[in-house]
Structures are given as structure tokens and as C-alpha cells.
Amino acid sequence: MFVRYFTLLTLLSSFSIFSQDDLLADLESNLSMEAPYTDSVFKGLKIINIESTKLAEKGALYFIVAHRFGSIENGFEDFFGLDIAVTKLQLVYGVNEWINVGLARSSYQRTYGLHTKMRFLRQQEERIPFTLGFYGITTVNTLLDKAFLPNLEFNQRLTHTAQLMISRKWNEKLSLLLSPTYMHENLTTISTQDNGQFILAMGGRYKLSNRVSFNLDYGLHTNRSEEAPYRNPFSVGVDIETGGHVFQLHFTNAQSMFENGFFGQASGDWSQGDVYFGFNISRVFDW
């Protein structure tokens, strides 16, 4: 009797073990079928001037120093613009895997900015063909002087910008981005310029090696006033990845590094050599 019970118990235990093994194998098989997310669509939080769909990781704090020298067109007179510099300092924090918040201050027009960036969809092999995100920023121009504008109100110092960001990594080398943008300047520098402005921003990254890529971005301002002396921003440069840093070197026809500046007030002319050399460098801290 004992032998029969022992044999029956052994058979049931074996069946249970085999069933559990089969179940685990099925689970592992299902997990292995989960398509991985596409990585390294962009290495920097910005392509050059325009935001990329990359986000700071959850709990990561990015400290970014951006620099734009003066125009190179004057040559040695101001040492190719090195004597005329504009600096922007920025902090970006990853609240979770899909939302960032940040603040910044630029010496250009003594501007402050507060922004958020969100990701709604992430490119995933054979499932989601692109990454979809949103970027919004409010800037405050503190250089405006009430002595020259006696009726100036605080609200007139503000500019609001909203972008829908759509990017896709086409292969191991090429990534592209399209960003329909709406910008609202509460006080425009040109009287005939609409407060609400529409820009079609775009950019891309082409990987040259494991640590170096060629980048460019451009913003097509669709309703700029005919009286405005400004141009569409166009920038080219390279990304160099060095451990915890991403070092971006570039030339651009916009000296400002906030959206209201480079979308609305880019003054350089590439055809005349009136462009600005600059860089962005970021350092990541894990909290």
C-alpha cells in the first residue's frame, strides 16, 4: 500500500514539476517575443537648437552648458566671434520614464525658461514605427526696460512655445525628426508680426562612428512678417560622446538658444558667412 501511494505521489509531483517547467517556458517564450524599444534615436536632449525626442532617464539630473559666440564674419576683429559670447545654463530632471521638467537661464536678453517634455509613444521594433512626444516652454525676457516701455506689463515679457515631436530611427545610422510648432509672443518685436506664429521644425542625425554623429536642424517660419529682418534658423554640427558627456559642436545662424530667439529672431545669413560657432555640453548625475 505504501509503495502504491509513494508511486502515485511521485507521479503527481513529477507532473506538477513538468507543468511548472512548461508554464515557465511559455512565460519566457512570451517575454522573449516582446519587441525591444529602439535605442539611441538621438544622443543629446537637443539635436542642435531644436529639441530631440530623447528624455532624461528616471531620477537623472542633466546639467547643460550651452555657448554661442559672436558671428565669425568679422574675422580677427573680434577673433571670429570669441569675444562676443552668449551662455545658457540648464537643469533637466527625469521625473519618470516619460516626463522631464527643466529650467534654464540665458544671458541673451537675460531670459529665463521653464519647460516640460513628455513621451507618449516610443519606437519599438515591428510594433511602433516612430516616437511621439510633446515639448512646451515658457520664457521670460527680463531685459525689457520699463524706462523705454512705460506701459510694460509682466505678461508682455512672456513667450509660450508648444511642439509636437515625431521621430524615427530608420537604420543604425540615420534618425530624423519632425516638429510642428506653435509659438505665441505676448509682445512682438515687429508691429506687423502676428503674436501667434507657426514653425515647421525638422532635424536629423547621421552616425559616423560609435561615438560621433553629424547633426542638422532647421525651422521653417510659415507666417513671418514681410517687414521682419529675421531668417529661418539653420544649424549643422557634430555630436561627440565621451563617457558621461555628450559634446555638441556646431555652426548656426541664430545666437539665441531659447525657442523665441532662434525661431523668431535668427539674424545670421549663411550666404554672407554671418553664422555663430557654439557648443552644448551635458553632464548626467544620478539621484
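Below is a summary of the structure that appears in this document. (Residues numbered from 1 in each chain as written. Predicted model: local features only at pLDDT ≥ 70, side-chain atom pairs only at ≥ 80, totals over all residues. Heavy atoms only, no water.)

**Quick word on empty space enclosed by the protein**
To find leftover empty space, a probe the size of one water molecule is rolled over the atoms.
Okay, so step 1: Counted under the stated rule, the structure contains three cavities of 30 Å³ or more.
Okay, so step 2: For the largest cavity, the lining is made up of 22 residues, of which Leu45, Lys46, Ile64, Gln90 and Gln248 are closest to its centre.
Okay, so step 3: Counting residues per element, the ones that place at least two in the lining of the largest cavity are strand E1 (60-71), strand E2 (86-94), strand E4 (111-121), strand E11 (245-252) and strand E12 (276-286).
Okay, so step 4: Split by residue class, the lining of the largest cavity holds nine nonpolar, eight polar and five charged.
Okay, so step 5: By volume, the second largest cavity amounts to about 70 Å³.
Okay, so step 6: Along the walls of the second largest cavity sit Glu185, Thr188, Thr189, Ile190, Gln193, Gln197, His221, Arg224, Ala228, Tyr230, Gly264 and Gln265, which together make up its complete lining.
Okay, so step 7: Here the residues of the lining of the second largest cavity sort into three nonpolar, seven polar and two charged. (1 Å grid on protein atoms, 1.4 Å probe; cavity = no way out; pocket = protein on both sides within 12 Å on 5 of 7 lines; lining within 4 Å. Points joined across faces, edges and corners; volume = space filled by probe spheres on them. Helix = DSSP H or I, 4+ residues; strand = E, 2+ residues; numbered from the N terminus. Nonpolar A, V, L, I, M, F, W, Y, C, P; charged D, E, K, R; others polar.)

**Section: the packing of aromatic side chains**
Okay, so step 1: Within the structure shown, the criterion is met by eight aromatic pairs.
Okay, so step 2: Between Phe69 and Phe279 the ring centres are 6.4 Å apart and the planes differ by 55 degrees, which places this aromatic pair in the tilted class. Highlighted residues: Phe69 in strand E1 and Phe279 in strand E12, separated in sequence by 210 residues. Phe279 carries the same exposure label as Phe69, and that label is buried. (Phe/Tyr/Trp six-rings, centres within 6.5 Å; stacked < 30°, edge-to-face > 60°. Buried < 20%, exposed > 50% of the residue type's maximum accessible area, 1.4 Å probe, protein only.)

**A closer look at the pairing of strand E5 (residues 131-141)**
Okay, so step 1: Burial runs high along E5: nine of the 11 residues are buried.
Okay, so step 2: Inspection of the sheet shows E5 paired to strand E6 (residues 158-169) by 10 bridges, in the antiparallel sense. Within the sheet, the bridge partner assigned to Gly136 lies in E6 and is Ala162. (Pairing = 2+ DSSP bridges.)

**Some words on a negative patch on the surface**
Okay, so step 1: Residues Asp39, Glu125, Glu126 and Glu172 make up a contiguous surface patch of negative charge.
Okay, so step 2: Here Glu125 shows up in the loop between E4 and E5. (Patch = residues over 30% accessible without salt bridge, like charges linked within 9 Å, V, L, I, M, F, W, Y side chains within 5 Å. Areas by Shrake-Rupley, 256 points an atom, 1.4 Å probe, with all protein chains shown as cover. Salt bridge = Lys/Arg side-chain N within 4 Å of Asp/Glu carboxyl O. Lys, Arg positive; Asp, Glu negative; His and termini not counted. Charge placed at Lys NZ, Arg CZ, Asp CG, Glu CD.)

**Some thoughts on unusual backbone geometry**
Okay, so step 1: Despite not being glycine, Gln109 shows a phi value in the positive range, around 55 degrees.
Okay, so step 2: One non-glycine residue, Glu126, lies in positive phi territory at about 65 degrees.
Okay, so step 3: Tracing the chain through its elements places Glu126 in the loop between E4 and E5.
Okay, so step 4: According to the relative accessible area criterion, Glu126 is exposed, its value standing at 86%.

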